[in-house]
Each structure stands twice: as structure tokens, then as C-alpha cells.
Amino acid sequence: MDRMNRPTPPSTAYLDHLVAETAGRRAALAAAVPDGGDGARPAGGAPAGGAPAGLVAAVERAADELEPDLAEIVRRLHEHPEPAFEEHRSAATLVEVLARHGVEAKLGAHGVPTAFRAETGDAAGPTIAICAEYDALPGIGHACGHNVIAASGVGAFLALHRALTSDDAAVPAGRVVLLGTPAEEGHSGKEVLARNGALEGIDAAIMVHPYGLDVADQVWLGRRLLTWTFTGRPAHASAQPYMGRNALDAATLAYQGIGLLRQQMPPVDRVHATIAEGGTRPSIITERAVVHLYARSKYPDTLRDLSRRLDDIARGAALMTGTEVEITWDDGAHPSLPVRTNEALTGRWVAAQRRRGRDPLPAGVLSETLAASTDFGNVSFRVPGIHPLVQVSEPDVALHTAEFAAAAATPAAVSAAVDSAAGLAATALDYLSDAGLRAAVHEEFAAQGGPVDVARYFD
């Protein structure tokens, strides 16, 4: 009896996460609603405290005063969208605005021509980074609103720079780093920067993303890119088809295999694929077929499991058709891990946004099926981080659409940039000022598993 193809035992990774999350929610509910409370959800995990109120108010006023500069950034980047690693004009615009306020930024930082870095404060204290994105989508412009992200990051940094270089006795010892991070769309630019040392000496990192709602914490899926290249043997499709081995048959079987796999995938796993090459003429058995895929999952380990299942599908399709398959993962890009949100920092962001008249939705309110991916996930598995969402459009307007691109150039987008600049600045100031908050941030990060070797995770 042939026992070579025994069924592969299913992975328990997703089930293990569900069990742990359920236990965590029960504990949080018990802590938030003791002895028959009213059921109100806590805003976040941060302890009371933060930076001195007067200093926070000064930073938030500074963000308001920067509105003309932030509106300029929103407009100029939107008018001249540039795709991944081609953001020369956008990066130069941001460096120009920083210089206007007396800040020297290094363009071409960490070996990436369109990246930049600026610093302010005291490097002897804790260091928090603010990430600014500014790449656009080919053909559709700023349909993900990265022009708003850029304005928010620059505004937060400049507001903090004003505070940290003032004579105010309440100014904490600490440093703020502004990282201009290109190529988020499809290329994981932050991972490139991280591997080139951008996060060395960084203790925490924060950024914000525009959306159709204000959301404190939303699911962001890990993502990998995959290419299957099937190679067969050409033959005359009528006279001698039996002498061929059809690569298109292999690609088609593999594509159908993805569809059959979906029933057994965890609910928020995603696989999307396109057959980029499928032959040249109907009269010739196809010698070469190419399939491009995205694979996404909610957790790093379930993304690894999904990757292995896709490998099996490709090899099985090749075996059934007598073809060969070359499997190429993440060619020209790095994997993106899911975002690991730090609740202690999120609590400070929520408090800051409520002062601006916004009320970000807590985790679990917005459906996790509304999930995309971001390379900030790789940052959040190296250092504690947050990646909240700020409203710039109506809730039914989706990212990566022409409608969202239009929303990213409206007065609402400018208001979101100013509010986000104030929120990021206040959150960073709380982190630098409050030792108790920092302890909570890093204890939570350690409890989540601590830093991960992102570069080798899928080896």
C-alpha cells in the first residue's frame, strides 16, 4: 500500500489564537465591568497620567498653527502622485517643509533614495519614531491617502520639535525620529529600511492611516507575494497533443485548487490570483504559464501555514499534469506581517483624539473582514507600535478607489491631517514623559511575544 500521501494534520495555529483571544476578552470584560457595571468598554489599556497638561496643550496648539503647511502637503502630494520608490518629488516636498521650520532632514536615508530621516530632542532618553508614507497607486493616485499620512507625520514631528527645543521646564528627556518611509504599496518599504538599520535605537513607533471612519484598532493582515511558473512541453495541439505537457492545465488546476482550499481556510485568510501568462496560440500546447498571487492572514503563524498549503497546491498541479513548477515567494518585495497593536499606546491616542472631537471605534466594533495589509506590521513586531485610522471620507467609500482618491484632497482630509498630527504628537509626548506608561507599553509588548526576527520568519 502506498502511504506516501498521508493527509497532512491541520494546523492548530488559528484555533490557538481564538482560544487566547476569547480568554483575553473575558478578562478585559471582568476588569472593565466589576460587580454589575454598565458594560461600557474601556478606551484603551494606558494607565492614567501622560505628559503635563500644559505641555500637551502647547503641542496641540502647534499642530493647529501648522495647518497651512499640512494643507500644502496634502495638496502638493495629491497633485503629483508618485508610485513606490519613485517618490522623488514627494520626498523633496516634505524635506522642504521641514527645512522651512529649521529642521534638517537627511534625504536618501538608510540606502533608499526616496526615504528621509529627521531627529529632534535628546538621544540620551527614550526614542519614539513617527512613520510618514507618501507613495501613491499607479494609475489611481492617492487612493490610499498617503498624502494625508505624510502631512500627519510631518505635522506631529514639527509640533514636537517646537516643544522639545523650548525652554519649558516640563520638557522630557527623549528623542523623536521622523522616518519618511516610501513604497508601502506592494513593496514593503519599511522592511527595506528596517533591514538597513532604520529602527536601531528606536523604542516605539507610531503612525496613522486615513479611512472612512475613526478607528483606534483594526485588523491588518499579513501579506506575502507569490509567483508560480509552470513549464511544460509544447506540441501541435491537433496533430500530436499527446506529445505535449500543458502548463496552462497546471495553472488552471492550481487556480481551482485555491478555490477548493478556501473552505478550509480561517475566516479572514485571503488568496487572490491572476494568470499572467497562459500560452501564445490555441494550436500549441502551452509550454509556459505564470500565476501571480497574494496570500494574506491575520497572524504570522497562520500566514506561514497558508504559504505551505499554497506550495502543496502548486506541486500537486505540476504532478498531475507532468509539468514542472518554480515557486517564488516575495520576489522584489518583502513579506508584511500583521499589525500587532499596543493597547497602552492606543489608549493615549484615543484620549488625544477625543480632545479633538473624534471618538475612535475600539477593537472589535468594525468587522475584521474589512481588512487590508500594511508594511507597518513588520515595524510592530520589532518595537511596540500603533496604526490607528482617521476619517477623511464617508464610511462606504473604500480604500484604493477613485472616490477615496478624491476624498484625500478635501477639507476633511486636511482636518484629519491636523487632528492626526496633534494626536500623534500628544501620544509621543505621553510616551516620552511618563515612565509608567512606557513600562506598560513594553510589558504588553513582551507579553505579546516580544521582538520577532522578521527577516527570517518565513525561512
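Since the structure is predicted, the reported quantities are computational estimates derived from the model, not experimental observations.

*Asks:* What should I look at first to understand the UniProt feature "domain: Peptidase M20 dimerisation" (unreviewed entry) in the protein chain in this one?
*Replies:* The UniProt record marks residues 229-315 with the feature "domain: Peptidase M20 dimerisation" (unreviewed entry), using the residue numbering of this structure. Across residues 229-315, the secondary structure splits into 36% helix and 24% strand, with the terminal C-alpha atoms separated by 11 Å.

*Asks:* Would you explain the layout of surface pockets in this entry?
*Replies:* One simple way to see leftover space: roll a probe sized like a water molecule over the atoms. Counted as a void, the second largest pocket has a volume near 840 Å³. If you go around the second largest pocket, you meet 28 residues; those closest to its centre are Thr-8, Leu-261, Arg-308, Arg-309 and Asp-312. Elements supplying a minimum of two residues to the lining of the second largest pocket: α1 (13-32), α7 (247-261) and α8 (300-321). Of the residues assigned to the lining of the second largest pocket, the class counts are 14 nonpolar, seven polar and seven charged.

*Asks:* What is the right way to read the packing of helix α9 (residues 343-355) against helix α13 (residues 435-447) from this model?
*Replies:* Relative placement of two packed helices is described by the angle separating their axes and the distance separating the axes. In contact at an axis separation of 7 Å, α9 and α13 are set at 135° when each is read in the N-to-C sense. Between α9 and α13, the crossing angle belongs to the class labelled oblique. Where α9 approaches α13, its residues Glu-343, Ala-344, Leu-345 and Arg-348 are matched on the opposing element by Leu-437, Ala-440, Val-441 and Glu-444. Of the residues in the contact of α9 with α13, the class split is five nonpolar, no polar and three charged.

*Asks:* Help me out: how do you make sense of unusual backbone geometry in this one?
*Replies:* With a phi angle near 65°, Phe-85 is a residue other than glycine that sits in the positive phi range. Mapped onto the elements, Phe-85 comes out in the loop between α3 (67-79) and α4 (88-100). A residue is classified by how much of its surface remains accessible, and Phe-85, at 32% relative accessible area, is partly exposed. Positive phi, close to 55°, is recorded for His-110, a residue that is not glycine. For His-110, the position within the fold is in the loop between β1 (106-107) and β2 (116-121). Taking the relative accessible area as the measure of exposure, His-110 reaches 18% and is therefore buried.

*Asks:* Which parts of the structure should I look at to understand the sheet that holds strand β8 (residues 270-277)?
*Replies:* Picture the strands of a sheet paired through backbone hydrogen bonds; they go either parallel or antiparallel. Reading across from one edge, β8-β9-β7-β10 is the order of the four strands in this open sheet, with antiparallel pairing throughout. Every other strand in the sheet has two partners, leaving β8 and β10 (324-329) as the edge strands with one partner each. Across this sheet, the average inter-strand angle for adjacent strands is 20°, counted without regard to direction. Across seven bridges, β8 lies against strand β9 (residues 288-297) in antiparallel orientation. Within β9, the residue paired with Ile-275 across the bridge is Val-291. Set on the sheet, α7 makes contact with β7 (222-231), β8 and β9; between it and β7 the angle comes to about 150°.

Scoring rules and cut-offs
- Residues numbered from 1 in each chain as written.
- Predicted model: local features only at pLDDT ≥ 70, side-chain atom pairs only at ≥ 80, totals over all residues.
- Heavy atoms only, no water.
- UniProt positions renumbered as here; feature names shortened; annotations may be inferred.
- Helix = DSSP H or I, 4+ residues; strand = E, 2+ residues; numbered from the N terminus.
- 1 Å grid on protein atoms, 1.4 Å probe; cavity = no way out; pocket = protein on both sides within 12 Å on 5 of 7 lines; lining within 4 Å.
- Points joined across faces, edges and corners; volume = space filled by probe spheres on them.
- Nonpolar A, V, L, I, M, F, W, Y, C, P; charged D, E, K, R; others polar.
- Axes fitted to C-alpha atoms, helices over the stretch in contact; angles between N-to-C directions.
- Parallel < 35°, antiparallel > 145°, perpendicular 65-115°, else oblique.
- Contact = heavy atoms within 4.5 Å.
- Buried < 20%, exposed > 50% of the residue type's maximum accessible area, 1.4 Å probe, protein only.
- Pairing = 2+ DSSP bridges.

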